[in-house]
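# Observations on the model geometry
Listed below, chain by chain, are the residues.
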Amino acid sequence: MKFFTYNDYLDYLQDSELMNKIRAREKKVRNDMNTKMIKRVDKLFLELINQEKEVADFLKECITNNSIHINQGHIQKCIFSNLSVKDSRAVVYKMIDREIYFVLQYEIEVNFNVGYNVLEFCINIMKEWKEKEKKVNEKYPIIFPIIIYTGKEKWGKSYNEIRYVKVLKNGMYFAYNIIDSADYSKEELLNKNSLIFNLMLLKKINKSEIKKVLIQLIKNSKDSKKVLKLQKIFNFVCGDFKN
């Protein structure tokens, strides 16, 4: 996975034009998704990425680095006073015993500004860490920026340029990670343990399929609490499952 280091932070500080680029990019976001189902799924995703257990389960299936082991109780949500959060779709978590941070941002459509938004988060996290933690902590932090994308339009080859932010002055690129629902099959999402991954499945199926999928998810799950959550999620999104 791609990550952002303290040395990256120091390099980006040398580019005085960077924050102007961030502000300029804010005007280039498209916003044309307005269906009821999208709004309901959007609300559920925002609820889940604000729950430590659900994020721990999600990261556990995303992070393949053998040196990073994530379980419930290993991460906590962080609030940074210097972050100017214009979009509540972004949440920051930290591993309790290590200087490792995760920035999660949920997107429902291709967003040409997202790289600058997440870069701004990373810079401000490092800035506050430097002010508060550097004196007492010898280990520099690293940040994993992760975009969870569930839109219909593929965030793929034609959009590779928005996976990176090019900083011309120092010749560096800021890279972030995309978890795109289109990159997973229905079967893969069905068999994931994470509710966040399971919820991505809603964007891949028709309303008429949801009852069948719910039954399959309940059958796959050995966790009674997860079964109850799944029932609430699918009932909220599709009501009584009538066609």
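Located above this text is the structure these notes cover.
Structural notes, computed from the coordinates. (Residues numbered from 1 in each chain as written. Predicted model: local features only at pLDDT ≥ 70, side-chain atom pairs only at ≥ 80, totals over all residues. Heavy atoms only, no water.)

### Overview of the overall build of the chain
Our working rule: The secondary structure listing takes helices from DSSP runs of H or I that are at least 4 residues long and strands from runs of E that are at least 2 residues long, numbered from the N terminus. Residue exposure (1.4 Å probe, protein chains only): buried if accessible area is under 20% of the type maximum, exposed if over 50%, otherwise partly exposed. Here, two residues are considered to be in contact whenever any of their heavy atoms come within 4.5 Å of each other. Residue-level accessible areas treat just the shown protein chains as cover; the underlying method is Shrake-Rupley with a 1.4 Å probe.
Each helix and strand counted, the chain has nine helices and eight strands in total. Counting every position in the chain, which comprises 243 residues, the buried fraction comes to 50%. Summarising the internal contacts of the chain: among those between residues at least 6 apart in sequence, 68% fall at separations of at least 24. Roughly 13100 Å² of accessible area belongs to the chain as shown, and the carbon and sulfur atoms make up 49% of that amount.

### A closer look at helix 5 (residues 114-132)
Worth spelling out the cut-off: The span you would expect from a helix comes to 1.5 Å times its residue count less one.
The end-to-end C-alpha separation of helix 5 is 27 Å, in line with the 27 Å expected for 19 residues at 1.5 Å each. A large share of helix 5 lies buried, amounting to 15 of its 19 residues.

### Here's the deal with the side chain of Asn 117
Relative to the assigned elements, Asn 117 resides in helix 5. Apart from residues lying up to four places away in sequence, Asn 117 is in contact with Gln 105 and Asn 111.

### Re the packing of aromatic side chains
How we decide: Side-chain rings of Phe, Tyr and Trp (the six-membered ring for Trp) are treated as a pair once their centres are within 6.5 Å; stacked means planes under 30 degrees apart, edge-to-face means over 60, and tilted covers the remaining angles. Two conditions define a charge sitting above a ring: the NZ of Lys or the CZ of Arg must be within 6 Å of the ring centre, and it must be within 35 degrees of the ring normal.
Taken as a whole, this structure holds five aromatic pairs when the rule is applied. Where Trp 129 meets Tyr 140, the ring centres are 5.9 Å apart and the plane angle is 85 degrees; that geometry is what we call edge-to-face. Placement of the pair is Trp 129 in helix 5 and Tyr 140 in the loop between helix 5 and strand 5 (142-149), with a sequence separation of eleven residues. Judged by its relative accessible area of 1%, Trp 129 falls in the buried class. For Tyr 140, a relative accessible area of 43% gives the class partly exposed. Where Tyr 184 meets Phe 197, the ring centres are 5.3 Å apart and the plane angle is 65 degrees; that geometry is what we call edge-to-face. In this pair, Tyr 184 sits in the loop between strand 8 (177-180) and helix 6 (186-190) while Phe 197 sits in helix 7 (residues 195-200), placing the two residues 13 residues apart along the sequence. Summarising the burial analysis for this pair, Tyr 184 and Phe 197 share the class buried. Grouped by ring-pair contacts, the aromatic residues Phe 58, Tyr 184 and Phe 197 constitute a single cluster. Over the aromatic face of Tyr 101 sits the side chain of Lys 94, whose NZ or CZ is 5.9 Å from the ring centroid.

### What to know about the nonpolar core
Stated formally: Only buried residues count toward a nonpolar core. Its members are Ala, Val, Leu, Ile, Met, Phe, Trp, Tyr and Cys residues joined through side-chain atoms within 4.5 Å.
In this structure, Phe 58, Leu 59, Ile 70, Ile 75, Phe 102, Ile 148 and Phe 234 are the most contacted members of the largest nonpolar core, which totals 45 residues. Listed in part, the 25 residues of the second largest apolar core include Phe 4, Ile 123, Ile 125 and Ile 178.

### Comments concerning the pattern of salt bridges
To keep things clear, this is the line we draw: By salt bridge we mean one thing: a side-chain nitrogen of Lys or Arg within 4 Å of a carboxyl oxygen of Asp or Glu.
This structure, assessed with the given rule, holds four salt bridges. Two residues, Lys 53 and Asp 57, come together in a salt bridge whose shortest N-O distance is 2.8 Å. Linking Lys 53 with Asp 57, this pair stays in helix 4 (residues 52-62), spanning four residues, or about one helical turn. Note that Lys 94 is salt-bridged to Glu 99, the shortest N-O span being 3.6 Å. Assigned by exposure class, Lys 94 and Glu 99 land together as buried.

### Things to note about the side chain of Glu 107
Here is the rule: Polar contacts here mean pairs of N or O atoms no more than 3.5 Å apart (in protein, one a potential hydrogen donor and the other a potential acceptor; neighbouring residues in sequence count only if both atoms are side-chain atoms).
Here Glu 107 lies in strand 4 (residues 100-107). Taking the relative accessible area as the measure of exposure, Glu 107 reaches 5% and is therefore buried. Within the structure, Glu 107 has its side chain in polar contact with the side chain of Gln 105 (distance 2.8 Å). Reaching out from Glu 107, the side chain makes a polar contact with the side chain of Asn 111 at a distance of 3.3 Å. Sequence-distant contacts of Glu 107, that is, excluding residues within four places in its chain, are made with Val 114, Ile 147, Ile 148, Tyr 149, Thr 150, Gly 151 and Trp 155.

### Section: the environment of Tyr 176
Position of Tyr 176 among the secondary structure elements: in the loop between strand 7 (172-175) and strand 8. Counting along the chain gives 173 residues from Tyr 176 to Phe 3, while the straight-line C-alpha distance between them is 7.0 Å.

### Brief notes about the environment of Tyr 6
Inspection of the secondary structure assignment puts Tyr 6 in helix 1 (residues 6-13). Remark: the alpha-carbon pair of Tyr 6 and Lys 139, spanning 133 residues in sequence, is separated by 9.8 Å.

### Examining the environment of Glu 99
Tracing the backbone shows Glu 99 in the loop between strand 3 (90-95) and strand 4. Sequence separation between Glu 99 and Ile 142 is 43 residues, and the spatial gap between their C-alpha atoms is 6.6 Å. A distance of 2.9 Å separates a polar atom in the side chain of Glu 99 from a polar atom in the side chain of Trp 129.

Read these as layout, nothing more, since geometry by itself doesn't imply function.
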